[in-house]
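Chain by chain, the residues run as shown.
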2 protein chains.
Amino acid sequence: MEGEPTLRLQIFDLNCWAIRYLSKRRQERVRLIGDTLRQEHFDLVLLQEVWSEQDYNDLKVKLAGSHPFSHYFRSGVIGSGLCIFSRFPILDTLLYQYSLNGYPYMLQHGDWFCGKSVGLVIMKISGIIFNVYVTHLHAEYCRDKDAYLPHRLVQAWELAQFIRHTSKAADVVLLGGDLNMHPEDVGIRLLRGWTGLQDAFAEATHFEGCKNGCTLVPDNCFTDKSELLPFPLGIRIDYILYKAISSFTVKCEELKTTTGPAPGMGIPFSDHEAVMATLHIQRQGRPVGATLGTADLALADVVTEAQTEVGMGLQAAQRQRYSWGRMAVLALLLLLLQAAAVLGTLAGLGAQQPFPKLSFCLLAFLALGVFVLATGLHLFHTMEVKILHGTKDQMRMALRALQERP
Amino acid sequence: MEGEPTLRLQIFDLNCWAIRYLSKRRQERVRLIGDTLRQEHFDLVLLQEVWSEQDYNDLKVKLAGSHPFSHYFRSGVIGSGLCIFSRFPILDTLLYQYSLNGYPYMLQHGDWFCGKSVGLVIMKISGIIFNVYVTHLHAEYCRDKDAYLPHRLVQAWELAQFIRHTSKAADVVLLGGDLNMHPEDVGIRLLRGWTGLQDAFAEATHFEGCKNGCTLVPDNCFTDKSELLPFPLGIRIDYILYKAISSFTVKCEELKTTTGPAPGMGIPFSDHEAVMATLHIQRQGRPVGATLGTADLALADVVTEAQTEVGMGLQAAQRQRYSWGRMAVLALLLLLLQAAAVLGTLAGLGAQQPFPKLSFCLLAFLALGVFVLATGLHLFHTMEVKILHGTKDQMRMALRALQERP
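Residues numbered from 1 in each chain as written. Chains lettered and ligands numbered in written order. Predicted model: local features only at pLDDT ≥ 70, side-chain atom pairs only at ≥ 80, totals over all residues. Heavy atoms only, no water.

Q: With reference to specific residues and values, describe the sheet that holds strand β1 (residues 6–18) of chain B.
A: Residues and elements named next belong to chain B. Ordered in space as β3-β4-β2-β1-β13-β12-β10, the 7 strands form an open sheet in which the pairing is mixed. Two strands lie at the open edges of the sheet, namely β3 (69–72) and β10 (206–208), each paired on one side alone. Within this sheet the neighbouring strands show an average axis-to-axis angle of 20°, counted without direction. Relative to strand β13 (residues 275–283), strand β12 (residues 248–257) is paired through 9 bridges, and the arrangement is antiparallel. (Pairing = 2+ DSSP bridges. Helix = DSSP H or I, 4+ residues; strand = E, 2+ residues; numbered from the N terminus. Axes fitted to C-alpha atoms, helices over the stretch in contact; angles between N-to-C directions.)

Okay, here's the thing in structure tokens:
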């Protein structure tokens, strides 16, 4: 079986930072990305933050010759921002939108409006079935006090579960995307441990690019330097992960990242660096074995850690649900009180209306506004509680399964 | 291979109509369902509309001896209402929440708040891997002018896609639930055609129960008789569907429905009738063949029909998005105009404030309210447009794949 031919696959992954009206020099950069991809010989191109469908269509036209197959994943108000271009036919697709993705009232962060998702594309290349996943998880705005950690952990868990459940007929699994997690973060360990995915950077025989494989670096003219102050070399949050499921082996021959400005150009592709991997896929005599017992123990620790974080998120969500519910009830009481006062005046119980009409009306409108808003937020946090609770339960079930394994 | 032992599986499916504060004689009925299930010998129990987690917990306690394994699926504001009880261990679970599920402002229908989903439970029984799905699709409130048809079709499509993508390692697939579609409806044909699932009622060797297998019948004291006027026998909207994926055959030996009051009791379990199937699963020599060419043609017709309906839903959603967007812009203009008037008065441009203060303030609050509401609805319909558009695209891709098959 050693003599079986090897399939060599080149993959390009990039968070394009193509937000209409907001991202700097967007159209110029999208053109640059398109021109580069047309000239280079990547088999698969996984893109994130292509928020504008027009940008996708422009890329599609430009890459019609080199990458005739593509898919754009639609979700949320703004979109998922995910798309994929391929030299090989796409057989099937599926989109899974994460159950939690920040808060609609955090307008300055805006993640909620994006409908963050994982997109799956199925391809058959040289008789090998590939399940290719592209995703983008919730951003991290403050590492020291990360209010979104429980949401990102739910996303990492749902991503892992989605991959496990949908990849059972695949020979090879590939995942590319902006995971918004550092390599040692609990979410990455959970995702990798629960799916068995390997990190192309860690496995690469040859590496070329930013030190430590960083993909958000101070040398890039578009990055926010103040955010990167604690990390002088930058951070690694964009990944290409892979694994072989059936009787195949996958090896990462080479991993590269861009290093600021695109080759021969004055500007970078994006505020993120692109990740480019060259993978070798070969048929093996026998399927790769399941996870070892020692790995199970380490995984159980990771799941426990994640479960604790999700539990803390659950408590915070329950507090929020309670506060907004109480606020809604108070506003309703005030409204009822005012209604009683009006009815009393109409019935001639009081000598005359005791409040100036204007203040009375303003107060009523204020109470109504608070009631509507607080009710909406109470309902939103109720949903959040349900999902966090459900995820915690699933993790507990996973832990039990891990502990019961012989 | 003919001599291989047969596995006999008894399945119980019921929409429990257990809405807290709203459903009649809820607690009495939940107790009755629990008592019956404890005495009967069902291997799998698939329940819908168990909205209260307390009811689930009560059932769990009651069924601890007969059905020691169970799972409750959490989602949405109220919950998914889905749960499963089993005599066999549950190995893994996954929840997929449908992308579209009615409108939050249709409070009288309330589907949006339920987080309608499909739940998957994986089990291994006698060495056979079962993927068991339980679901509940959006209700049909007016059959002649069904505004929710596009949403229900998106759900049927997502259900079919979810089953196809997650069942590849399964030997047998089972689906139970309230699909809110009549047997000949386009959504059922789409689901069955795209997944290859068979209808237990149509395949059953022996049937016993309401005529035509109806599950919402006028004889049930809890059903709304006026809704069933056009259907004197009732309608069939609750299903048990199945298929064998690998080298197994599944046969439905017997299908039963309840017929109003539960045996020996004065009241029915629910406003729906329960569906009970006895399946025979046997190992076969060779895997069952793929869909035939003629079936492909019929399936292409169904997908085309569904695509047309989704396209009409897309147009309606685009119109709604446009109207609410325009309304938001008009409200904003009014607010700006009022702000300009106030500034003008403050700057002493006008001789005096031309409007009475009270009406002016009321108008401003009204404009603000309309602006917030219209913006919210505009965003909601933008999401709806994205999902309908994405589904239409996926259906087009499926059609192309069907037409390109040799």
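Q: How would you sum up helix α4 (residues 186–195) of chain B? Please name residues and give values.
A: Given 3.6 residues per helical turn, the α-helix brings residues three or four places apart onto the same face. Residues and elements named next belong to chain B. With 7 of 10 residues buried, α4 lies mostly within the body of the structure. If you check which residues of α4 are buried, you get Val-186, Gly-187, Ile-188, Leu-190, Leu-191, Trp-194 and Thr-195. Following α4 by one or two positions, Gly-196 has its phi on the positive side, about 80°. (Buried < 20%, exposed > 50% of the residue type's maximum accessible area, 1.4 Å probe, protein only.)

Q: Tell me about the environment of Trp-51 of chain A, and please be specific about residues and values.
A: All names here are of chain A. Among the secondary structure elements, Trp-51 is positioned in the loop between β2 (44–50) and α2 (53–62). By relative accessible area, Trp-51 is classed as buried at 10%. When the C-alpha positions of Trp-51 and Ile-19 are compared, they lie 5.7 Å apart, and in sequence the two are 32 residues distant.

Q: Which residues make up the sheet that holds strand β6 (residues 117–125) of chain A, and what values do they have?
A: Strand order across the open sheet formed by 6 strands is β5-β6-β7-β8-β11-β9 (chain A), with mixed pairing between neighbours. Each end of this open sheet is capped by a strand with a single partner; those strands are β5 (90–97) and β9 (198–199) of chain A. Sitting on the sheet, helix α4 (residues 186–195) of chain A is in contact with β8 (172–178), β9 and β11 (238–244) of chain A, with an inclination near 15° to β11 of chain A. The strands that helix α3 (residues 149–166) of chain B touches are β5 and β6 of chain A; relative to β5 of chain A, the one it contacts most, it runs at about 110°. (Contact = heavy atoms within 4.5 Å.)

Q: So what about empty space enclosed by the protein? Which residues, and what values?
A: Summed over the entire model, instances satisfying the criterion amount to 4 cavities of 30 Å³ or more. For the largest cavity, the calculated volume is near 170 Å³. As for the largest cavity, its lining consists of 17 residues, and the residues nearest its centre are Arg-74 and Leu-95 of chain A together with Gly-390, Thr-391 and Gln-394 of chain B. At the level of secondary structure, the elements contributing two or more residues to the lining of the largest cavity comprise β3 (69–72) and β5 of chain A together with α3 and α7 (357–404) of chain B. No other element matches the 6 residues that α7 of chain B contributes to the lining of the largest cavity. Estimates place the volume of the second largest cavity at around 50 Å³. As for the second largest cavity, its lining consists of Asp-199, Phe-201, Gly-213, Thr-215, Arg-236, Asp-238, Tyr-239, Ile-240, Leu-255, Thr-257 and Val-275 of chain B. The leading source of residues in the lining of the second largest cavity is strand β11 (residues 238–244) of chain B, at 3 residues. (1 Å grid on protein atoms, 1.4 Å probe; cavity = no way out; pocket = protein on both sides within 12 Å on 5 of 7 lines; lining within 4 Å. Points joined across faces, edges and corners; volume = space filled by probe spheres on them.)

Q: Provide a residue-level description of the environment of Leu-63 of chain A, including the pertinent values.
A: Residues and elements named next belong to chain A. Its location among the elements puts Leu-63 in the loop between α2 and β3. Note on Leu-63: relative accessible area 0%, which makes it buried. Spatially, the C-alpha atoms of Leu-63 and Gly-34 are 6.9 Å apart, while their sequence positions differ by 29 residues. Each residue touching Leu-63, except ones within four places of it in the same chain, is listed here: Gly-34, Leu-37, Arg-38, Pro-68 and Phe-85.

Q: Which residues make up the interface of chain B and chain A, and what are the values?
A: Listed by partner, the interface residues are 39 residues for chain B and 39 residues for chain A. Here chain B meets chain A over a buried area of about 3800 Å², counting both sides, of which 69% is carbon and sulfur. Of all residues in chain B, Arg-74, His-165 and Lys-386 of chain B bury the most surface against chain A, accounting for 18% of the area lost on that side. For the pair chain B and chain A, the interface holds 4 salt bridges. Residue Asp-92 of chain A pairs with Arg-164 of chain B through a salt bridge whose shortest N-O separation is 2.8 Å. Along the contact surface separating chain B from chain A lie 10 residue pairs in polar contact (both at pLDDT 80 or more). Those elements that provide at least two residues to the side of chain B that touches chain A are β5 (90–97), β6 (117–125), α3 and α7 of chain B. (Buried area = accessible area lost by both parts, 1.4 Å probe. Salt bridge = Lys/Arg side-chain N within 4 Å of Asp/Glu carboxyl O. Polar contact = N/O pair within 3.5 Å; in protein donor to acceptor, adjacent residues only side chain to side chain.)

Q: Explain the domain arrangement of chain A to me, using residue names and the numbers behind them.
A: All names here are of chain A. Each assigned domain of chain A is listed with its residue range as follows: domain 1 (7–289) and domain 2 (294–345 + 355–404). Listed by partner, the interface residues are 20 residues for domain 1 and 20 residues for domain 2. Summed over both sides, the interface between domain 1 and domain 2 buries roughly 1700 Å², with carbon and sulfur atoms accounting for 79% of that surface. Contact with domain 2 buries area across many residues of domain 1, yet Tyr-105, Trp-157 and Trp-194 alone supply 28% of it, more than any other trio. (Domains from an automatic or database assignment.)

Q: Describe the nonpolar core, and please don't skip the residues or the numbers.
A: If you look at the biggest cluster of nonpolar residues, it comprises 89 residues, and the most contacted ones within it are Leu-179 of chain A together with Leu-179 of chain B. Leu-179 of chain A has contacts with Thr-135, Leu-137, Arg-152, Leu-159, Ile-188, Leu-191, Ile-237, Tyr-239 and Leu-241 of chain A, leaving out every residue within four places of it along the chain. (Core = buried A, V, L, I, M, F, W, Y, C linked by side-chain atoms within 4.5 Å.)

Q: Break down the UniProt feature "transmembrane region" (unreviewed entry) in chain A for me, citing the residues and quoting the values.
A: Taken from the UniProt record, the annotation "transmembrane region" (unreviewed entry) applies to residues 328–351 and 357–380 of chain A. With 100% helix and 0% strand, residues 357–380 of chain A has end C-alpha atoms that lie 35 Å from one another. (UniProt positions renumbered as here; feature names shortened; annotations may be inferred.)

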